[in-house]
Amino acid sequence: MSLPSASFDRRLYAAMGILALLVVLIGFSRSFYLRVWFENPPLSALRYLHGALMTAWYTLFVAQVALVSRRRVDLHRRLGMLTAVIAAALVPAAAATAIAFLTRVRANPDEAATAAVIAGYDFVALSVFTLLVVTALILRRRSDIHKRLMTLASLSLLGPPLARLVSDQQAVWLTYALVLTPIVIDTCRHRRLHPAFGWGGALVLLSSEAALRFAVSPQWIDFALRSL
């Protein structure tokens, strides 16, 4: 017996939210959540802030999906204000963390070049995340668009935690797979590609590829090392 469409959608987005949160918790476990059990250098206040905001974002994402599943749309909308605030704080905190890392290792040419590449990729990813979240919030009355764009926004930032579990290249492919999973399932279920998943998914995938090329370009690395 097939599930009603609305029930199926709720389960799909709940599963993707929980999966995204697990990736973050596991990926950053050694360096953040369970760092007292491992040999790690001290964390700056900025990195603690960044970690707290990332945790809050993915926890809120799961909570928001759960509220919709329980038909508590009133609480979902109230909590949406906090979600917007967390997103607004997360983007500059993440960008500042990338710049701080570059500044910290600038004296070592090899580490500085790597930090510049990471910063370049992160800046593009954060720009896409911002665009998706802002669009989702503007169109929050269109629940079909809102939930899809918020899901893509959350999945688009999973590269860093994945890179702590597998190689950088594998992290890229896993990010692509995670982004495509709800798109493919949703398309098969509804027998059409939803426009929000169409342009949103294309934006995430194409921008990720563009970010990789941009971040390793000599022009960007030279600019980052001289100006950031």
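See the structure printed just above.
Per-chain numbering applies: the sequence of each chain, read as written, is numbered from 1 onward. The predicted origin of the model limits local features to residues at a pLDDT of at least 70 and limits the giving and counting of side-chain atom pairs to 80 or more, whereas totals for whole chains, interfaces and linings rest on all residues. Water and hydrogen atoms play no part in the side-chain values, which are based on all heavy atoms of the structure.

Asker: Honestly, the overall build of the protein in this entry has me stumped. Any pointers?
Answerer: Under the DSSP-based scheme used, a helix requires at least four consecutive residues in state H or I and a strand at least two consecutive residues in state E, with every element numbered from the N terminus. Secondary structure summary: the protein contains 10 helices and 0 strands in total. Secondary structure elements of the protein, listed N to C terminal, follow the sequence α-α-α-α-α-α-α-α-α-α. Between the two quantities, the radius of gyration covers C-alpha atoms and the globule rule is 2.2 Å times the number of residues to the power 0.38. For the protein, the C-alpha radius of gyration of 18 Å lies close to 17 Å, the compact-globule estimate for 228 residues. Viewed in the frame of its principal axes, the protein has a C-alpha envelope of about 60 × 35 × 30 Å. Per-residue accessibility, obtained with a 1.4 Å probe over protein chains only, is compared with the maximum for each type, and a residue is labelled buried under 20%, exposed over 50%, and partly exposed between these values. For the protein, the proportion of its 228 residues judged to be buried stands at 43%. Approximately 12300 Å² of the protein is accessible, and the part contributed by carbon and sulfur atoms is 68%. His is not counted, nor are the chain ends; Lys and Arg add positive charge and Asp and Glu add negative charge. Throughout, a charge is located at the NZ atom of Lys, the CZ atom of Arg, the CG atom of Asp or the CD atom of Glu. Computing the positive centroid from 23 side-chain charges and the negative centroid from 11, the protein places the two 13 Å apart. To measure how exposed things are, a 1.4 Å probe is used in the Shrake-Rupley method; for residues, cover is taken only from the protein chains shown.

Asker: Even after reading the chapter, I still don't get the nonpolar core, so can you show me in this structure?
Answerer: Most often, soluble globular proteins keep nonpolar side chains buried together rather than apart. With 50 residues, the main nonpolar core has Trp57, Tyr58, Phe129 and Leu158 as its most contacted residues. Secondary-structure elements contributing two or more residues to this core are helix H1 (5-27), helix H3 (45-69), helix H4 (73-104), helix H5 (109-138), helix H6 (143-156), helix H8 (168-190) and helix H9 (195-215). Counting residues per element, this core draws most heavily on H5, at 8 residues. Contacts are assigned to residue pairs that have any heavy atoms within 4.5 Å of one another. In contact with Trp57, other than residues within four places in its own chain, are Thr83, Ile86, Ala87, Leu90, Phe129, Val133, Met150 and Ser154. Counting residues in hydrophobic clusters, the runner-up holds 10 residues, among them Ala98, Leu102, Ala116 and Ala119. Among the buried residues, those of types Ala, Val, Leu, Ile, Met, Phe, Trp, Tyr and Cys that are joined through side-chain atoms within 4.5 Å form a nonpolar core.

Asker: Looking at this model, I keep getting lost on the packing of H5 against H9. Mind explaining?
Answerer: When two helices pack together, their arrangement is given by the angle between the helix axes and by the axis-to-axis distance. Fitted lines through C-alpha atoms serve as axes, helices being fitted only where they are in contact, and the angles separating the N-to-C directions of these axes extend from 0 to 180 degrees. Direction vectors running N to C along H5 and H9 enclose 160°, while the axes themselves pass 8 Å from each other. Of the possible angle classes, the one that applies to H5 and H9 is roughly antiparallel. As H5 packs across H9, the resulting crossing turns out to be right-handed. For the pair H5 and H9, the contacting residues are Val117, Gly120, Tyr121, Val124, Val128, Leu131, Leu132 and Thr135 in the first and Trp199, Gly200, Leu203, Val204, Ser207, Ser208, Ala211, Leu212, Phe214 and Ala215 in the second. Each residue belonging to the contact of H5 with H9 can be placed in one class, and the counts come to 13 nonpolar, 5 polar and no charged. Note on angle classes: values under 35 degrees are labelled roughly parallel, values over 145 roughly antiparallel, values of 65 to 115 roughly perpendicular, and the remainder oblique. Crossing handedness follows the turn of the near helix against the far one: under a right angle anticlockwise gives a left-handed crossing, and clockwise gives a right-handed one. Following the grouping adopted for this structure description, the nonpolar residues are Ala, Val, Leu, Ile, Met, Phe, Trp, Tyr, Cys and Pro, the charged ones are Asp, Glu, Lys and Arg, and the polar ones are all others, Gly among them.

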